Amino acid sequence: MANELKTKPLYIKKTQPFLTATQSIHFIPERHRKMAASTVRLFLLPLCLSLTIVSATATVPGPELIRETCNDAKSHHDLCVAVLSSDPKSNTSDVRGLLEIALKLTAENLTKTADFVADFLDEADKKSTEPGLQQCLAYCEDEYVDAVDQLTNAAAALESKVYRDVEQWVSVAMADVKACQEECREVPGDKRGLTKRNGDIDRLCSITLSINRILL
């Protein structure tokens, strides 16, 4: 009875052990091995070429980076190059550093024009000049005060690398300057160069925005 309860032993077929990667190569016919090697070389060639291209086009800080960065400024390209190159730090700056330079120079010009407008308005009030000029200058003074605040906000956003906010604040400052320009459009005379000052700041804001968009 005990013998009847014994189960029949399982028969496990012995299989060929797996080959290692090195061993398996020797089982590939010579002709196929040559084809495989050729395929690998063809696959690696475009990769090597692409790496070479990337390396060749990689730009380091300096005049070339300034020119490439200013390409996005389009019609203001030459002015962009001149503005950035005016700061010695531009030769060792990356794109973010160039943006800092552009924003700083824009803020400096805007602040000087704000002071100019305030002084011009004081003088116009004392001399009781044409009411249209006084109204124009008073309006511009308010717009420039706001524009200075906007670029201060933009500088803080740049420090935090929040480039969307940089774009927002610079755009608002640019709109302030355009509003001043529009308000004074009908006032006769050159207004001591206020029209040109407004145009210069508008272009500087445009250049700053073009550089900022590279980092968005």
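Residues numbered from 1 in each chain as written. Predicted model: local features only at pLDDT ≥ 70, side-chain atom pairs only at ≥ 80, totals over all residues. Heavy atoms only, no water.

Points about the packing of aromatic side chains
Operational definition: For Phe, Tyr and Trp, where Trp contributes only its six-membered ring, two rings pair if their centres lie within 6.5 Å, and the inter-plane angle classes them as stacked under 30 degrees, edge-to-face over 60, or tilted in between. Working definition: helices are DSSP H or I runs of at least four residues, strands are E runs of at least two. Numbering for both runs from the N terminus. Lysine NZ or arginine CZ positioned within 6 Å of the ring centre and within 35 degrees of the ring normal marks a charge as sitting over the ring.
The final tally for this structure, using the stated rule, is one aromatic pair. On the basis of an interplanar angle of 50° and a centroid distance of 5.7 Å, the ring pair of phenylalanine 116 and phenylalanine 120 is categorised as tilted. Taken as a pair, phenylalanine 116 and phenylalanine 120 lie in helix H6 (residues 95-127) at a separation of four residues, close to a single helical turn. Directly above the aromatic system of phenylalanine 116 lies the positively charged group of arginine 197, at a separation of 4.0 Å from the ring centroid.

Focus on the environment of glutamate 68
We apply this condition: Only protein chains enter the accessibility calculation, which uses a 1.4 Å probe. A residue is then buried if its area is under 20% of the maximum for its type, exposed if over 50%, and partly exposed in between.
Relative to the assigned elements, glutamate 68 resides in helix H4 (residues 63-70). Overall, the relative accessible area of 34% leaves glutamate 68 in the partly exposed class. Here the alpha-carbon distance between glutamate 68 and valine 95, two residues 27 residues apart in the chain, equals 9.8 Å.

Looking at helix H5 (residues 77-85)
Owing to its 3.6 residues per turn, the α-helix aligns residues three or four sequence positions apart on the same side. The criterion, for reference: Comment: arc refers to directions from the helix axis out to C-beta atoms. Throughout, a residue-residue contact means that at least one pair of heavy atoms, one from each residue, lies within 4.5 Å.
Among the residues of H5, Cys80, Val83 and Leu84 are the ones counted as buried. Angularly, the buried residues of H5 cover 90° about the axis, an arc narrow enough to put them on a single face. Packed against the buried residues of H5 are H4, H6 and helix H9 (194-215).

Brief notes about the nonpolar core
Generally speaking, nonpolar side chains in soluble globular proteins are found buried as a group. Our working definition: Residues grouped as a nonpolar core are buried Ala, Val, Leu, Ile, Met, Phe, Trp, Tyr and Cys residues, joined through side-chain atoms within 4.5 Å.
Grouped together as the largest cluster of nonpolar side chains are 47 residues, with contacts concentrated most on Leu84, Leu137, Cys140, Tyr144, Val170, Leu194 and Ile211. Tallying contributions element by element places H6 first for this core, with 14 residues. The residues touching valine 170, leaving out its near neighbours within four places in the chain, are Leu103, Leu151, Ala154, Cys205, Thr208 and Leu209.

Considerations on the state of the cysteines
Rule in force here: The definition used for a disulfide is geometric: two cysteine sulfur atoms within 2.5 Å.
Going through the model one piece at a time under the given rule, you end up with three disulfides. One disulfide in the model links cysteine 70 with cysteine 80; its S-S distance is 2.0 Å. The sign of the S-S torsion, about -75°, decides the handedness of the disulfide formed by cysteine 70 and cysteine 80: left-handed. Remark: cysteine 80 occurs in helix H5 and cysteine 70 occurs in helix H4; sequence separation between them is ten residues. Once the bonded cysteines of the chain are numbered in order along the sequence, the disulfide links fall as 1-2, 3-6, 4-5.

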